[in-house]
Amino acid sequence: MSSAATFGLPRVIGHRGAAIVAPENTLAAFRVAAAMGVAMVEFDVKLTADGRPVVFHDDTLFRTTNGHGRLRDATLEELERLDAGSWFEPAFTGERVPTLEVVLSFLASVGVGAVIELKPCPETDERTAQIAVAAALEYWPSDQPPPLLSSFSRRALRAARAVAPAWPQGLIVDRLPEDWHEAAAALQIVTLHCQERHLSPVAVAEIKRAGLAVLAWTVNDPQRARTLWKWGVEAVISDVPDEILAEAP
Ligand code: MG
């Protein structure tokens, strides 16, 4: 297993950019996060109908765009006609659903690190991972620290490993599953991304003893972030990374 110690994590990671401050998973959100001084952002990747990796969270379009129906049924060209900002605030009208290429190019240009969550639509785990990670390998500069690949889907992580064997991986979980230790070894992950509500000092200590770094999602309360750091959590993923950064030791 690669060592978590060799993998540099900041204290605070921007969730979908900075999801309370700007429309999630848009370039505006990543620009805002970069301007806040956030060193790393998390975002979600899915495939369009024509197999293009885009940065988007839901299986359906209605919550975060002015479109309808399923993301997987829309081509990239159709997606790029949608507005992904006005639902959030009129000031963000005109924001688009960005491709993975555009997001990675932006982040690399400003020196912000990436946690790429592979978020396959149902039954596309391997294909989503293969296409997204191959694209990320192509677009991410090899002289910068590689992105951290994360997913709830173990199938996606296994497929990603075949494409980018050296890139670090993290498994996302809600409650800590009984087999987390075996899964960590089998997947060779370096981070475990836990729902912060289900963490305890004992759980954090056990995970760290297994050689893994602990990430907690989603932490928007600065006092909770301080507690989690005290327990040994390496990084918290936050919708308000500026407010949490202000508390970071
Ligand atoms: Mg995510």
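So, here is what we can say about the structure in this document. (Residues numbered from 1 in each chain as written. Predicted model: local features only at pLDDT ≥ 70, side-chain atom pairs only at ≥ 80, totals over all residues. Heavy atoms only, no water.)

1. Thoughts on the overall build of the protein chain
Here is step 1 of the chain: Scanning the protein chain from terminus to terminus reveals nine helices and nine strands.
Here is step 2 of the chain: Here the C-alpha radius of gyration of the protein chain, 17 Å, is about what a compact globule of 249 residues would show, namely 18 Å.
Here is step 3 of the chain: Viewed in the frame of its principal axes, the protein chain has a C-alpha envelope of about 50 × 40 × 35 Å.
Here is step 4 of the chain: Here the protein chain holds 249 residues, and the buried ones make up 54% of them.
Here is step 5 of the chain: Pairs at least 24 residues apart make up 58% of the contacts formed inside the protein chain by residues separated by at least 6 positions.
Here is step 6 of the chain: Summed over its atoms, the accessible surface of the protein chain is roughly 10600 Å², and 52% of this surface lies on carbon and sulfur atoms.
Here is step 7 of the chain: Counting 23 positive and 32 negative side-chain charges, the protein chain places the centres of these two groups 4 Å from one another. (Helix = DSSP H or I, 4+ residues; strand = E, 2+ residues; numbered from the N terminus. Rg over C-alpha atoms; globule rule 2.2 N^0.38 Å. Buried < 20%, exposed > 50% of the residue type's maximum accessible area, 1.4 Å probe, protein only. Contact = heavy atoms within 4.5 Å. Areas by Shrake-Rupley, 256 points an atom, 1.4 Å probe, with all protein chains shown as cover. Lys, Arg positive; Asp, Glu negative; His and termini not counted. Charge placed at Lys NZ, Arg CZ, Asp CG, Glu CD.)

2. Digging into the nonpolar core
Here is step 1 of the chain: By size, the foremost hydrophobic cluster in this structure holds 30 residues, and its most contacted members are Phe-43, Leu-100, Leu-107 and Ile-116.
Here is step 2 of the chain: Of all the secondary structure elements, the ones that give two or more residues to this core are α1 (27-36), β2 (40-47), α3 (100-110), β4 (113-118), α4 (125-139) and α5 (154-163).
Here is step 3 of the chain: It is α3 that provides the largest number of residues to this core, a total of six residues.
Here is step 4 of the chain: Sequence-distant contacts of Leu-100, defined by excluding residues within four places in its chain, comprise Phe-43, Val-45, Pro-53, Val-54, Val-55, Ala-132, Ala-135 and Ala-136. (Core = buried A, V, L, I, M, F, W, Y, C linked by side-chain atoms within 4.5 Å.)

3. Topic: the pattern of salt bridges
Here is step 1 of the chain: Tallied over the full model, the rule gives 15 salt bridges.
Here is step 2 of the chain: One salt bridge in this structure joins Lys-119 and Glu-117, with 3.0 Å as the shortest N-O distance. Accessibility assignment for this pair places Lys-119 and Glu-117 in one class, buried.
Here is step 3 of the chain: If you follow the salt bridges from partner to partner, you end up with Arg-16, Glu-24, Asp-44, Asp-58 and Arg-63 in one network. (Salt bridge = Lys/Arg side-chain N within 4 Å of Asp/Glu carboxyl O.)

4. Side note on the coordination of the magnesium ion
Here is step 1 of the chain: With distances of 2.0 to 2.2 Å, the protein atoms coordinating the magnesium ion are Glu-42 (OE), Asp-44 (OD) and Glu-117 (OE).
Here is step 2 of the chain: All donors to the magnesium ion come from one chain, and their sequence spacing reads E-x1-D-x72-E.
Here is step 3 of the chain: The exposure class of Asp-44 is buried, given its relative accessible area of 1%. (Donors = N, O, S within 2.8 Å, 3.2 Å for Na, K, Ca; no water.)

5. Some points on α1
Here is step 1 of the chain: Listed as buried for α1 are Leu-27, Ala-28, Ala-29, Phe-30 and Ala-33.
Here is step 2 of the chain: Looking at the buried side of α1, the elements it contacts are β2, β3 (53-55) and α3.
Here is step 3 of the chain: Backbone geometry just downstream of α1 places Gly-37 in the positive-phi region, at approximately 90°.

6. Focus on the pairing of strand β9 (residues 235-238)
Here is step 1 of the chain: Of the two faces of β9, the one lined by Ala-235 and Ile-237 and the one lined by Val-236 and Ser-238 are each fully buried.
Here is step 2 of the chain: Examined bridge by bridge, strand β1 (residues 12-15) and β9 share three bridges and lie parallel to one another. Note on β9: the bridge partner recorded for Ile-13 is Ile-237.
Here is step 3 of the chain: As defined by bridge partners, strand β8 (residues 213-217) adjoins β9 across three bridges and the pair is classed as parallel. Across the sheet, the residue bridging to Leu-215 is Ala-235, located in β9.
Here is step 4 of the chain: Since β8 and β9 lie parallel, the crossover through helix α8 (residues 222-231) that links them has a hand, and here it is right-handed. (Pairing = 2+ DSSP bridges. Right-handed = clockwise from strand over helix to strand, strands pointing away.)

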